[in-house]
There are 2 protein chains.
Amino acid sequence: MKLYIVGFGGGSRDGMTFAAEKAIQKSDLIVGYTVYAELMKKLFPDKEFYSTEMRREKERVLYALRKAENKTVALVCSGDAEVYGMAGLAYELSWEFPTVELETVAGVTAALSGGALLGAPLTHDFAVISLSDLLTPFDKIENRLRAAAMADFTIVLYNPSSKKRADHLKKACGILLEYRSPDTVCGAVRNIGREGENGTVMTLAELRDYSADMFTTIFVGNSETKIIRGKMVTPRGYKDV
Amino acid sequence: MKLYIVGFGGGSRDGMTFAAEKAIQKSDLIVGYTVYAELMKKLFPDKEFYSTEMRREKERVLYALRKAENKTVALVCSGDAEVYGMAGLAYELSWEFPTVELETVAGVTAALSGGALLGAPLTHDFAVISLSDLLTPFDKIENRLRAAAMADFTIVLYNPSSKKRADHLKKACGILLEYRSPDTVCGAVRNIGREGENGTVMTLAELRDYSADMFTTIFVGNSETKIIRGKMVTPRGYKDV
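Let me sum up the structure you'll find in this document. For clarity, every value in this text was computed on a predicted model and none was experimentally measured. (Residues numbered from 1 in each chain as written. Chains lettered and ligands numbered in written order. Predicted model: local features only at pLDDT ≥ 70, side-chain atom pairs only at ≥ 80, totals over all residues. Heavy atoms only, no water.)

## What to know about the overall build of chain A
1) Next: When its secondary structure is counted, chain A shows eight helices and 13 strands.
2) Next: Here the C-alpha atoms of chain A give a radius of gyration of 19 Å, agreeing with the 18 Å that 2.2 N^0.38 yields for 241 residues.
3) Next: The principal-axis extent of the C-alpha atoms belonging to chain A is close to 55 × 35 × 35 Å.
4) Next: Burial status across chain A gives 61% buried among its 241 residues.
5) Next: Put simply, of all contacts in chain A between residues at least 6 apart along the chain, 70% involve residues at least 24 apart.
6) Next: With 31 positive and 31 negative side-chain charges, chain A shows a separation of 2 Å between the mean positions of the two kinds. (Helix = DSSP H or I, 4+ residues; strand = E, 2+ residues; numbered from the N terminus. Rg over C-alpha atoms; globule rule 2.2 N^0.38 Å. Buried < 20%, exposed > 50% of the residue type's maximum accessible area, 1.4 Å probe, protein only. Contact = heavy atoms within 4.5 Å. Lys, Arg positive; Asp, Glu negative; His and termini not counted. Charge placed at Lys NZ, Arg CZ, Asp CG, Glu CD.)

Okay, structure coming up:
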């Protein structure tokens, strides 16, 4: 049968694509991380759900693959199905389930929905980096921060903080400040597409002392990013053509 | 009144978010690049449209802003509204239109929809780079390619080719090959979300000789990206936890 790995955006129907909605409607069973499964239950109250807590990703994906041998299953991810989502793991574990067809259904990741809320920070080249060192050594993260800062990418930081790593954002800003002006325009977005959604524009120096939580996405402008009408905007150059 | 800058995805209703559909429905006038306006006309046949050709971005956005002084207007972009789209320019030009409220509506950019088609290349940190040197000097593009290659980002290349710059992809691959193995798993996706949509997986050495057009998006894996069941998959590390 079939396993859809579906990115559903922020959690409201508005942030979801028609294809994501269709894939979930076609599925007999919806599998996901508890917090996200709860969001989907509100939109699809008649569906059967199976959810597990964080850090149980492998178990959850194996469960979805096993069930997909006999029914149509949607493995749901917030934002996009790929970007720090479950699509990669589903493919990695799919060897043992040759009869299950996999289909990735893309969604609006926090870089895009958060960017839209802030204005238009991502109009030019950008890099997306997770500050979580649960699965990636911090020196690899540091290398990527340096490279992105040096080459003047606009940078989007996912997972800027958690209980275990409260100082990662401060550390990351310290690295970026070696290459970028403290006045670089930055932004933080919380609870994108959910209740309590809000975006704040600040400088890189201010970002260093910003207190992010695990539902925050961070934006660091490139050298040309500016504030226009209170919004964070990166010019692409069209204006001067 | 209001100007929505709307990313509509690939061009089908499936690839569009509910919010994008709503914003277009609420608008009295839809403004866009001719090719994209034609796609939207099929989905919204009763709407009034205004379109201009490529390279007329400033004129088009000024027209949309001017009209938005008296009615609700949607400025439509393929993919996302920000990523190489019109949201930045709309903000830049909005100074002269203080009564016009702007709202960016995010969409699924080609990196995400193309990635989904290829499998799951974007599960870890990635960089998005346009190879178009119309508005960006090529040495800046080259710097970004080097930085992204060095720090082992998965890389997505937009605008890999056009009539004027047929050799940009070859040049870019040459730069990447200084840092990355010729066996690096790569992918190319054409006409995402439109008729004739197709994805191909290949090596970086093969990509160097690949003939891309302006509707192609290119994916270069990181050092861990592999082929699983014919798909391009970047592991994030969950499997080995």
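## Description of the relation of the copies chain B and chain A
Superposition of the two copies of the chain requires a rotation about an axis and a shift along the axis.
1) Next: Turning chain B through 180° and shifting it by 0.0 Å along the axis lays it on chain A, with an RMSD of 0.0 Å. Here the transformation between the copies is reduced to the relation of a two-fold axis.
2) Next: Comparing interface residues between copies, 100% of those in chain B also sit at the interface in chain A, which points to an isologous, same-surface contact. (Least-squares fit on C-alpha atoms with pLDDT ≥ 70 in both.)

## Re the interface of chain B and chain A
1) Next: If you look at the interface, chain B gives 76 residues, while chain A gives 76 residues.
2) Next: When chain B packs against chain A, close to 6700 Å² is buried across both sides, 60% of that on carbon and sulfur atoms.
3) Next: Together, B:Phe18, B:Arg229 and B:Tyr238 form the three largest contributors to the area buried by chain B at its contact with chain A, with a combined 12%.
4) Next: Summed over the shared surface of chain B and chain A, the result is 10 salt bridges.
5) Next: For the salt bridge of B:Glu224 with A:Lys140, the shortest nitrogen-to-oxygen distance reads 3.8 Å.
6) Next: Here chain B and chain A share 37 residue pairs in polar contact (both at pLDDT 80 or more) between them.
7) Next: In terms of residue count, the dominant contributor to the side of chain B that touches chain A is helix 4 (residues 87-93) of chain B (six residues).
8) Next: Grouping the constituent residues of the side of chain B that touches chain A by class yields 37 nonpolar, 21 polar and 18 charged. (Buried area = accessible area lost by both parts, 1.4 Å probe. Salt bridge = Lys/Arg side-chain N within 4 Å of Asp/Glu carboxyl O. Polar contact = N/O pair within 3.5 Å; in protein donor to acceptor, adjacent residues only side chain to side chain. Nonpolar A, V, L, I, M, F, W, Y, C, P; charged D, E, K, R; others polar.)

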